[in-house]
Amino acid sequence: MRIFFVSLGCDKNLVDTEMMLGQLSLAGHSITDDESNADAVVVNTCSFIHDAKKESIDTLLEMGKLRTEGKIKALVCCGCLAQRYENEIKELIPEVDAVVGTMAIDEIVSAVEKAAAGEKCSFVKPLESPLVYGKKRMVTTGGHYAYLKIAEGCGKFCTYCAIPKMRGKYKSVPMESLLKEARELAEFGVKELILVAQETTIYGTDLYGEKKLPELLRKLSEIEDISYIRILYCYPEEINDELIAEIRDNKKICHYLDMPIQSGSDNVLKRMGRKTDVKSIEILVKKLREEIPDIALRTTLISGFPGEKRRDFIETCEFVNKMKFDRLGVFTYSKEEDTVAAKMNGQLPEFVKKYRKDKLMKLQQAVSFAKAKEEVGRKLIVMVEGKMPDEDVYVCRTYKDAPNVDGYLFLETRQELMTGDLAKVVVTDAKEYDLTGVLESEFTE
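A brief structural summary. (Residues numbered from 1 in each chain as written. Predicted model: local features only at pLDDT ≥ 70, side-chain atom pairs only at ≥ 80, totals over all residues. Heavy atoms only, no water.)

Describing the sheet that holds strand β13 (residues 296-303)
How we decide: DSSP-based pairing: two strands are paired if at least 2 bridges between them are found. Working definition: helices are DSSP H or I runs of at least four residues, strands are E runs of at least two. Numbering for both runs from the N terminus. To obtain each axis, a line is fitted to C-alpha atoms, and for helices this fit is confined to the stretch in contact; angles are then taken between N-to-C directions over 0 to 180 degrees. Any two residues whose heavy atoms approach within 4.5 Å are treated as being in contact.
Strand order in the open sheet formed by 6 strands is β7-β10-β11-β12-β13-β14, with parallel pairing between adjacent strands. Only two strands of the sheet have a single partner each, and these edge strands are β7 (145-149) and β14 (327-332). Strand-to-strand twist in this sheet, taken as the mean axis angle between neighbours without regard to direction, amounts to 20°. The pairing of β13 with β14 spans 6 bridges and is parallel. Looking across to β14, one finds that Thr300 is bridged to Gly329. Sheet strands in contact with helix α14 (residues 350-375) are β13 and β14, and its direction is about 175° off that of β14.

This is the structure:
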């Protein structure tokens, strides 16, 4: 069959998509990028926040029209929405033929084939089921970089988050399997590995009784064809001296760290159920910058959390101005059912959440612009992502830029470059979030 696949949500969900694509391909099915040419449609859904849930439902309804009109044989719903709302999907979206939960992605071939044969079916396993890993992947990121999901689920139980109800408790992928997967990705042409999980810093604690992320990084760096390793989703309270030293001393690890902090107010952090405070974060940031002077620090904040008072918001604004993170994103608080925060007093109206988000982003814009200006004149190695149509300009990423969340460097040259190439550039100009540069060999004062 020809299968059209829609992948929604985070990069961790994308890894699941790539494993399902790999299994379908091995079973003899072909993948199409045109839904009008498909025999079946698979939607890998997200249900992390309200907007993601709405996008997933809207996509299912849109694809459901193809099913109702007889243009496709089957519609399959996978992912977080499927895991959490199996019965509701069956009842309210009858166009869906098969439901596949987060712990059953290895059943995707059976689900598609049964659905196409006219059988309504469901593959939703308990969250305590064994973790699915090590499946052959079909890389969808262009081939020069790929995500390596090192763990599934989370045991932090932040009061606003429903992930444990959709992904279960924290489960590390065995190191041997990750190394094998990384070697296969390198053979495919991947140069940059991006390590992801709900939290990467505690990798291995459930399997080996201690944090094994530094060891995993060392072993991954021994893979010859891997040029860069980037780490996302590090909880600040779990970052220790061993991890800092590994990032500092291992030449393949990008001097880039993503640390979701969520607030600059101790009162709000406590209500969120976070296991840290503002002073500890400040001490950690100072240490990271002392140990790794050129490190790029990225974080995310939530605006308008229940009970966030004006003074809490002011504290967060002051925190943003003081910390001067290289990269920062803000999400408005999303009230998720079956979470502690959803039942808290002090729920704020949407316009307050949005106002505070916009204010924080405006503050960060000034920080980002100042930091971008500091890059002018510096020599950097960049990875080519592609070329602007009809222009001698290539879109590139520096070590400070993770795909799809950070900025770009626009490289002006008539030299022919390929996606995935590494190039030495001199930064010539800066905008709020993006840089402009030329090849070092073509640079003239």
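A short note on the pairing of strand β4 (residues 74-79)
Here is the rule: Accessibility here uses a 1.4 Å probe with only protein chains present; expressed as a share of the type maximum, an area under 20% marks a residue as buried, one over 50% as exposed, and anything in between as partly exposed. Seen with its strands pointing away from the viewer, a crossover is right-handed if its path from the first strand over the helix to the second goes clockwise.
Of all 6 residues in β4, 6 are buried, a share of seventy percent or more. Bridge analysis of strand β3 (residues 40-45) against β4 gives 6 bridges, and the strand direction is parallel. Paired with Val41 across the two strands is Leu75, which belongs to β4. In this region the chain leaves β3, passes through helix α2 (residues 50-68) and returns to the parallel neighbour β4; the handedness of that crossover is right-handed. As defined by bridge partners, β4 adjoins strand β5 (residues 98-100) across 3 bridges and the pair is classed as parallel. Pairing of Cys78 across the sheet is with Val100, part of β5.

So, the packing of aromatic side chains
Threshold: Stacked, edge-to-face and tilted are the three classes for Phe, Tyr and Trp ring pairs, Trp counted by its six-membered ring, which pair at centre distances within 6.5 Å; planes under 30 degrees apart are stacked, over 60 edge-to-face, the rest tilted. Charge-over-ring placement is defined geometrically: NZ (Lys) or CZ (Arg) within 6 Å of the ring centre, and within 35 degrees of the ring normal.
Applying the stated rule across the entire model yields 5 aromatic pairs. For the pair Tyr145 and Tyr147, a centre-to-centre distance of 6.0 Å together with 90° between the ring planes defines the contact as edge-to-face. Summarising the aromatic geometry, the rings of Tyr160 and Phe305 are spaced 6.2 Å apart at their centres and angled 85° between planes, so their arrangement reads as edge-to-face. Here Tyr160 is found in the loop between β8 (151-152) and α6 (163-167), whereas its partner Phe305 is found in the loop between β13 and α13 (310-323), with 145 residues between them in sequence. For the residue pair Tyr160 and Phe305, the accessibility class agrees, reading buried in each case. If you follow Lys12 out to its NZ or CZ, it ends over the ring of Tyr233, 3.8 Å from the centre.

Structural notes on the sheet that holds strand β19 (residues 435-439)
An order of β15-β16-β17-β19-β18 is seen for the 5 strands of this closed barrel, with the pairing classed as mixed. Shown here is a sheet whose adjacent strand axes are inclined to one another by a mean of 50°, direction ignored. Bridge count for strand β17 (residues 409-412) against β19 is 3 bridges, and the pairing is parallel. Paired with Phe410 across the strands is Thr436, a residue of β19. Strands in contact with α14 are β15 (379-387), β18 (422-430) and β19; relative to β18, the strand with the most contacts, it is inclined by about 120°.

Remarks on empty space enclosed by the protein
Formally: Only protein atoms enter the 1 Å grid, on which a cavity is a set of points fitting a 1.4 Å probe that cannot get out and a pocket is an open set with protein on both sides within 12 Å along at least 5 of 7 lines, lining residues being those with an atom within 4 Å of a point. Grid points are joined across faces, edges and corners, and a volume is the space filled by probe spheres set on the points.
Applying the stated rule across the entire model yields 1 cavity of 30 Å³ or more. For the largest cavity, the calculated volume is near 130 Å³. For the largest cavity, the lining is made up of 16 residues, of which Met19, Val132, Tyr133, Lys149 and Val173 are closest to its centre. Counting residues per element, the ones that place at least two in the lining of the largest cavity are α1 (11-26), β8 and α7 (175-188). Per-element tally for the lining of the largest cavity: the top contributor is α1, with 3 residues.

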